[in-house]
Amino acid sequence: MQGMGSLRLGSRTVMYTAETLPKGKNRVMGTIQIMTGFMHIGFGIVLTTLTNVYTSVFVIGEIPFLGGVSFIISGCLSIGAEKSPTECAVKGSQTMNVISAIFALLGIVAFIVDLNLNGLYRSGFDYYSYLVLLAGNGISIVLLIFTILEFCIAVATANFWCRATRLSSNEAMLIVPSATRVDLAVPLADLPQPPSYAELATPEV
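Residues numbered from 1 in each chain as written. Predicted model: local features only at pLDDT ≥ 70, side-chain atom pairs only at ≥ 80, totals over all residues. Heavy atoms only, no water.

**Focus on the overall build of the protein chain**
Consideration 1: Broken down by element type, the protein chain carries six helices and two strands.
Consideration 2: Going from the N terminus to the C terminus, the protein chain shows its helices and strands as β-α-α-α-α-α-β-α.
Consideration 3: Carbon and sulfur atoms make up 69% of the accessible area of the protein chain, which totals about 12,800 Å². (Helix = DSSP H or I, 4+ residues; strand = E, 2+ residues; numbered from the N terminus. Areas by Shrake-Rupley, 256 points an atom, 1.4 Å probe, with all protein chains shown as cover.)

**Overview of the packing of helix α1 (residues 25-49) against helix α5 (residues 127-164)**
Consideration 1: Interaxial distance between α1 and α5 falls to 10 Å at its minimum, and their mutual angle equals 150°. Of the possible angle classes, the one that applies to α1 and α5 is roughly antiparallel. The crossing of α1 and α5 is left-handed.
Consideration 2: Partitioning the contact of α1 with α5 into residue classes produces 15 nonpolar, eight polar and one charged. (Axes fitted to C-alpha atoms, helices over the stretch in contact; angles between N-to-C directions. Parallel < 35°, antiparallel > 145°, perpendicular 65-115°, else oblique. Left-handed = near helix turned anticlockwise from the far one by under 90°. Nonpolar A, V, L, I, M, F, W, Y, C, P; charged D, E, K, R; others polar.)

**Quick word on the packing of α1 against helix α3 (residues 63-83)**
Two packed helices can be described by the angle between their axes and the distance between those axes.
Consideration 1: Taken N-terminus to C-terminus, the directions of α1 and α3 make an angle of 165°; their axes are 7 Å apart at the nearest point. Regarding the angle of α1 to α3, the classification is roughly antiparallel. Crossing of α1 over α3 shows left-handed handedness.
Consideration 2: Looking at the contact of α1 with α3 residue by residue, the classes come out as 11 nonpolar, 13 polar and four charged.

**As for the confidence of the model for the protein chain**
Consideration 1: The predicted model of the protein chain averages 74 in pLDDT, with 66% of residues at 70 or higher.
Consideration 2: This stretch, residues 1-20, has a pLDDT under 50; its non-local contacts, to residues over four places away or in other chains, come to 46 contacts.
Consideration 3: Between residues 167-184, whose pLDDT stays under 50, and residues either more than four places distant or in other chains, the model counts 32 contacts. (pLDDT = per-residue confidence, 0-100. Contact = heavy atoms within 4.5 Å.)

**A look at the packing of aromatic side chains**
Consideration 1: Within this structure, the stated rule accounts for two aromatic pairs.
Consideration 2: Note on F160 and W161: the rings are 5.0 Å apart at their centroids and 55° apart in plane angle, and the pair reads as tilted. (Phe/Tyr/Trp six-rings, centres within 6.5 Å; stacked < 30°, edge-to-face > 60°.)

**Quick word on the nonpolar core**
Consideration 1: Of all hydrophobic cores here, the largest spans 15 residues; its most connected members are L47, L50, Y54, F58, F111 and L143.
Consideration 2: For this core, the leading source of residues is α5, giving five residues.
Consideration 3: Excluding residues that lie within four positions of it along the chain, L50 makes contacts with V132 and G136. (Core = buried A, V, L, I, M, F, W, Y, C linked by side-chain atoms within 4.5 Å. Buried < 20%, exposed > 50% of the residue type's maximum accessible area, 1.4 Å probe, protein only.)

**A word on α1**
Consideration 1: For α1, with 25 residues, the first-to-last C-alpha span of 37 Å sits near the 36 Å given by 1.5 Å per residue.
Consideration 2: Every buried residue belonging to α1 is among N26, G30, Q33, I34, T36, G37, H40, G44 and L47, and all of these are buried.
Consideration 3: Looking at the buried residues of α1, the elements they touch are α2 (57-60), α3, α4 (87-117) and α5. (Expected span 1.5 Å × (residues − 1).)

**Let's talk about the environment of L131**
Consideration 1: Of note, L131 is situated in helix α5.
Consideration 2: On the accessibility criterion, L131 (40% relative accessible area) is partly exposed.
Consideration 3: Considered as a pair, L131 and V53 are 78 residues apart in the sequence and their alpha carbons are 9.9 Å apart.

**Here's the deal with the environment of I108**
Consideration 1: Relative to the elements of secondary structure, I108 occurs in helix α4.
Consideration 2: On the accessibility criterion, I108 (15% relative accessible area) is buried.
Consideration 3: Spatially, the C-alpha atoms of I108 and L144 are 6.0 Å apart, while their sequence positions differ by 36 residues.
Consideration 4: Apart from the residues lying within four places of it in its own chain, the contact partners of I108 are L144, T147, I148 and F151.

**Side note on a nonpolar patch on the surface**
Consideration 1: Taken together, the side chains of V57, V109, V113 and L117 present a nonpolar region at the surface, about 280 Å² in accessible area.
Consideration 2: Judged by its relative accessible area of 47%, V109 falls in the partly exposed class. (Patch = residues over 30% accessible without salt bridge, like charges linked within 9 Å, V, L, I, M, F, W, Y side chains within 5 Å. Salt bridge = Lys/Arg side-chain N within 4 Å of Asp/Glu carboxyl O.)

**A closer look at unusual backbone geometry**
Consideration 1: Within the chain, E62 stands out as a residue other than glycine whose phi angle is a positive 55°.
Consideration 2: Structurally, the position occupied by E62 is in the loop between α2 and α3.

**Looking at the side chain of S100**
Consideration 1: Note that S100 resides in helix α4.
Consideration 2: Within the structure, the side chain of S100 is placed 2.5 Å from the side chain of S74, a separation counted as a polar contact. (Polar contact = N/O pair within 3.5 Å; in protein donor to acceptor, adjacent residues only side chain to side chain.)

In structure tokens form, the structure reads like this:
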């Protein structure tokens, strides 16, 4: 339409308003993820020292270190995405939580296998080996509980960001006006001609 400028929607700068984000929830879940990650790394080192007696698929697959780092990064990104919910931060948090959920699922399977392999008392073990076996099983049970918790948090966080990234009325967009072109050419034939001075000066009879 002539005489009017058109508006276009540009790239997203800030994706979500304050009403879209639950205050404090991602920060709490991110903190739990960071704590779980450090626990995996710490107890993973302890389980590594017990491998001469305790057979651990969890340690052999290096899940405590890869998964622990993944949990820590996911927690940091979740906290950062809540403070500054840009598109890059949200996509990064969503991707890392999916990866963390995969590592957590692998960890759950590995712990179940470890408990089955080391759950039976072996007659050839001495008292020291038996204590090592009990310690390894105790650590595996504790890490299994936290791994299940991490899996639930990672899935819930990834699902939340997936729903939040959908287009909604709360999504803030950058509006850039385009150049306005106005056509001032108006046909003169349609305009009535004003009366001349002679017609105005001559009185009507």
